[in-house]
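Analysis of the macromolecular model
Here is how the chains run, residue by residue.
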Amino acid sequence: MTAAQITLAVILTLLFLPLGAAKIAAVPFMRQAAAHLGMSPGLYRVVGTLEVSGALGLVLGLASTPLGMAAAIGLALLMTAAAVAHLRHGDPPARALPAVVLALTAVAYAGVTIGTG
């Protein structure tokens, strides 16, 4: 395990845990975001559950490389889908940028993890 791996896992976890929890709790801002993207609150809760699960998988991945890799890949795919959803709903590319950055960060975690294996 490297410092880069730990750092990326912590950064991603600190971002995904509160965002996922907010989606699960269906706070007003997240309900508005779901409606903007044409998603039901229930589907947005599923997305939040995937985000929280991915974040926890990254933390556990510090002890179990396959789990960390699976979590990173899952989060990268989820964020890629988020970016596509924003663009399909007519949002400007800047609105999809956070999802793209998170997807690339998850890929970086996976790359660092492969390098340590």
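Residues numbered from 1 in each chain as written. Predicted model: local features only at pLDDT ≥ 70, side-chain atom pairs only at ≥ 80, totals over all residues. Heavy atoms only, no water.

1. Remarks on the overall build of the protein
Secondary structure assignment for the protein yields five helices and zero strands. Along the protein, helices and strands appear, N-terminal first, in the series α-α-α-α-α. The C-alpha atoms of the protein give 14 Å as radius of gyration, which agrees with the globular expectation for 117 residues (13 Å, within 12%). Expressed as a percentage of contacts within the protein between residues at least 6 apart in sequence, the contacts between residues at least 24 apart total 67%. Total accessible area on the protein is roughly 6,100 Å²; 76% of this is exposed by carbon and sulfur atoms. (Helix = DSSP H or I, 4+ residues; strand = E, 2+ residues; numbered from the N terminus. Rg over C-alpha atoms; globule rule 2.2 N^0.38 Å. Contact = heavy atoms within 4.5 Å. Areas by Shrake-Rupley, 256 points an atom, 1.4 Å probe, with all protein chains shown as cover.)

2. Points about the environment of Thr7
Assignment of secondary structure puts Thr7 in helix H1 (residues 3–25). With 102 residues separating them in the primary sequence, Thr7 and Tyr109 have C-alpha atoms 9.0 Å apart. Engagement of the side chain of Thr7 in a polar contact is seen with the backbone oxygen of Ala3, the distance being 2.7 Å. (Polar contact = N/O pair within 3.5 Å; in protein donor to acceptor, adjacent residues only side chain to side chain.)

3. Some details on the nonpolar core
In this structure, Leu12, Phe16, Leu58, Met79 and Tyr109 are the most contacted members of the largest nonpolar core, which totals 22 residues. Counting only elements with at least two residues in this core, the list comes to H1, helix H3 (41–61), helix H4 (65–88) and helix H5 (93–116). Here the element with the most residues in this core is H4; it accounts for eight residues. With residues up to four places along the chain from it excluded, the contact list for Phe16 reads Glu51, Ala55, Leu75, Met79 and Leu102. (Core = buried A, V, L, I, M, F, W, Y, C linked by side-chain atoms within 4.5 Å. Buried < 20%, exposed > 50% of the residue type's maximum accessible area, 1.4 Å probe, protein only.)

4. A word on the environment of Ile6
By the secondary structure assignment, Ile6 is in helix H1. Along the backbone, Ile6 and Ala108 are 102 residues apart, and their C-alpha atoms lie at a distance of 12 Å. The residues contacting Ile6, other than those within four sequence positions of it, are Met1 and Leu62.

5. Points about the pattern of salt bridges
Enumeration according to the criterion identifies two salt bridges in this entry. We note a salt bridge from Lys23 to Glu51, for which the minimum N-O separation is 3.1 Å. Of this pair, Lys23 sits in helix H1 while Glu51 sits in helix H3, placing them 28 residues apart in sequence. The same class applies to Lys23 as to Glu51, namely buried. Between Arg95 and Asp91 there is a salt bridge, with its nearest N and O atoms 3.9 Å apart. (Salt bridge = Lys/Arg side-chain N within 4 Å of Asp/Glu carboxyl O.)

6. A few points about the UniProt feature "transmembrane region" (unreviewed entry) in the protein
Under the local residue numbering, the UniProt record ascribes the feature "transmembrane region" (unreviewed entry) to residues 59–84 and 96–115. Annotated as 88% helix and 0% strand, the span residues 59–84 places its first and last C-alpha atoms 27 Å apart. A distance of 29 Å separates the end C-alpha atoms of residues 96–115, which is 100% helix and 0% strand. (UniProt positions renumbered as here; feature names shortened; annotations may be inferred.)

7. Description of a nonpolar patch on the surface
Together, Met1, Ile6, Val10 and Leu14 make up a nonpolar patch on the protein surface, roughly 390 Å² of accessible area in all. For Leu14, the location among the structural elements is in helix H1. By relative accessible area, which is 61% here, Leu14 ends up exposed. (Patch = residues over 30% accessible without salt bridge, like charges linked within 9 Å, V, L, I, M, F, W, Y side chains within 5 Å.)

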